[in-house]
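# An overview of the molecular structure
Below, each chain spelled out in residue letters.
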Amino acid sequence: MPAEKTEYAPSKNIAMAEKPHDKDERRLLRRRHVLGATGVGLTAAIAGCGGSDDSTPEEEEDKGEEDDEDDDHKEADTEAEPDDTEDEESTEDDDQGPPSTPTISDFTLETTGTTDTLHYEISIEDTEADLKELEVHSSQESLVLEPDSDDKYTTSGTIAAHGGTFNDIDVTVKNEEDGSISDSATAYTREFDVLDSTNGTTVAPHYLLFMGIHWDNCNVGTPEAGRYEHEPDRMNESNREAFERHIDQMQGHGIDTVTINWGEEDLDHERLDNQMRESDLIDQIDIEISYPIVQVLRRDRDVEDDMEYLAEFYQEHDSLSTIDGRPVVYLWGFEGTIFGDQSEKANEEYGGADELARMIRESLTVDGTEPYIIGNTGHGSHSVREGFSPQDKFMDAVDELDAIGNWFPDELNEEIDIAGDYVDLLEAEMDGYQTFTDRHGLDYIPVAAPGFDARNNDCWGEGRYAGRSEGLLEDTIELAEEYGTEDHIMIATWNDWVEGTQIEPGSHKGEDYGISYLDVIKDFRTS
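Residues numbered from 1 in each chain as written. Predicted model: local features only at pLDDT ≥ 70, side-chain atom pairs only at ≥ 80, totals over all residues. Heavy atoms only, no water.

Turning next to the sheet that holds strand β10 (residues 222-223). Strand order in this open sheet of 3 strands is β10-β22-β23, and the pairing throughout is antiparallel. Looking at the sheet topology across the chains shown, the edges are occupied by β10 and β23 (511-514). Where β10 and strand β22 (residues 506-508) come together, 2 bridges link them in antiparallel fashion. Following the sheet pairing, threonine 222 is matched in β22 by serine 507. (Pairing = 2+ DSSP bridges. Helix = DSSP H or I, 4+ residues; strand = E, 2+ residues; numbered from the N terminus.)

Let us now look at the pairing of strand β14 (residues 326-331). With 6 of its 6 residues buried, β14 lies for the most part within the structure. The sheet contact formed by strand β12 (residues 286-291) and β14 spans 3 bridges and is parallel. Paired with tyrosine 291 across the bridge in β14 is leucine 331. Pairing of strand β13 (residues 322-323) with β14 involves 2 bridges; the strand directions are antiparallel. When the bridges of β14 are listed, isoleucine 323 appears paired with arginine 326. Turn length for the β13-β14 hairpin, with the two strands adjacent in sequence and antiparallel, is 2 residues, and the turn residue aspartate 324 shows positive phi of about 55°. Across 4 bridges, the pairing between β14 and strand β15 (residues 372-376) is parallel. (Buried < 20%, exposed > 50% of the residue type's maximum accessible area, 1.4 Å probe, protein only.)

It is worth spelling out the sheet that holds strand β8 (residues 180-189) at this point. The strand order β5-β4-β7-β8 describes an open sheet built from 4 strands, whose pairing is antiparallel. Unpaired on one side and paired on the other, β5 (142-145) and β8 mark the two borders of the sheet. The average undirected angle you get between the axes of adjacent strands in this sheet is 15°. (Axes fitted to C-alpha atoms, helices over the stretch in contact; angles between N-to-C directions.)

Moving on to the pattern of salt bridges. Tallying each qualifying case throughout the model produces 22 salt bridges. A salt bridge links aspartate 266 to arginine 301; the shortest N-O distance between them is 2.9 Å. A residue pair is termed long-range when its members are at least 10 positions apart, and aspartate 266 in the loop between β11 (257-261) and α6 (267-278) and arginine 301 in the loop between α7 (293-298) and α8 (303-316) qualify at 35 residues. Its relative accessible area of 60% is what places aspartate 266 among the exposed residues. A salt bridge links arginine 298 to aspartate 341; the shortest N-O distance between them is 2.9 Å. Here arginine 298 is found in helix α7, whereas its partner aspartate 341 is found in the loop between β14 and α9 (343-350), with 43 residues between them in sequence. The exposure class of arginine 298 is partly exposed, given its relative accessible area of 41%. (Salt bridge = Lys/Arg side-chain N within 4 Å of Asp/Glu carboxyl O.)

This next bit is on helix α14 (residues 422-440). The periodicity of an α-helix, 3.6 residues per turn, causes residues three or four places apart in sequence to face the same way. Relative to the 27 Å expected for 19 residues at 1.5 Å per residue, α14 spans 27 Å between its end C-alpha atoms, a close match to the ideal helical length. In the segment just after α14, glycine 441 is the residue with positive phi, at about 70°. (Expected span 1.5 Å × (residues − 1).)

Here we take up the pairing of strand β4 (residues 131-137). In terms of burial, β4 is largely enclosed, as 5 of its 7 residues are buried. Where β4 meets strand β7 (residues 165-175), 6 bridges bridge the pair, whose relative direction is antiparallel. Paired with valine 136 across the strands is valine 171, a residue of β7. Note that β4 and β5 share 4 bridges and pair antiparallel. Note that in β5 the partner of histidine 137 across the bridge is serine 142. In textbook terms, the turn of a hairpin is the stretch between consecutive antiparallel strands, and for β4 and β5 this stretch comprises 4 residues.

As structure tokens, this is what we get:
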């Protein structure tokens, strides 16, 4: 993945002071000024310095009388005439002007892969005076650097900063004339070191952009990063920091891909734009899209408009999760377009689930590269687990996919509480998926989870419960690794706090579990 860089353009654009005149030129100007002030022209002053005297005796006598009168006047003028010496010295000082100002021509901050550290690169210059020093300050460290050149200097390095938040870094440049200029930049600093030494299996948690809508009305838990907003116009600095912390937490525990749930609402376009545009770290983690097709149809949203947006998104971003070199798209609830409540709409508007999947593939093919499409069967796993669904329309639909995936067992809907049997039921389901995909030339991308706990959910959920623990997450990851056909495991979920499937650090039902679920993934990735 490409290294993240926070480009920063200096906010102050200070013009350089004009270069003072040459000393000889200043002296000449001052001489002209003094002579002009006394009423004597420059030519006359020069002429008065020499020459012959041809006056007659009478004229000398008259001139002598005039000179006596002039002497009297001169004595009076001398008493009243101010001393020009101080004025001349003051004028010389004024001509020096203010000290010249150095320039910060480049200032770049970069979030490193190491905790409590930021990387900087700074270029400074001064064409009027010699550079003296460069100061770099954070809340944790102050650096004073001596330039190795008088007029231009470029340096880079690291500075200590407070991890898990944004940090302001201030720089001040000084020259030998005591001229100076200051500027600052801001970047996120990691709380966790990026976990580089991992096995070859991708772990990708589902990430909900709309989670903020449920904090106050569904009686859910509290994230360690704080309760982030979901409305684009309220996605402020604290929301941006929460998103950066999420990526930091993920990468610090071996999660190198995030599956963004996108498309349930029109606002998701703006939400995704905001997250991508504002994030310092988003380019350092791979992205795949989970498109909730059954919800899109239920809410009468335009699939073609969404696909046009996603095609542009794929063209603009390099950090995409791929399988076989193709960007991953996960169609959540795909079976609902075959047998479920939206199958009729899929037939009427798109000619069936198979035609809908084909349209999505064609729309997301960019520069000849097709997407890798996973069709999730939601809670309809009986279609593959029991009899492998001989219906033609099911086979027609899945033939348009590259892979299929599970969610939670059907029994979670039917029996409400399956806590004691969850792992056994999930294993039976995964075994059925693997058998089905082997027979029909498809891949199987499994989903693991820490459990399911909607007992506190005041919005929906009906008390459904499949248990919830670090042990369940560990067990289901092991099953996913055993039955999956690709080195790709999805996690339900990063932050669905309403259904109690979240692994995001925080507290749930009064229990502060911190990063314990992330540690399970870290142990798996480093095994």
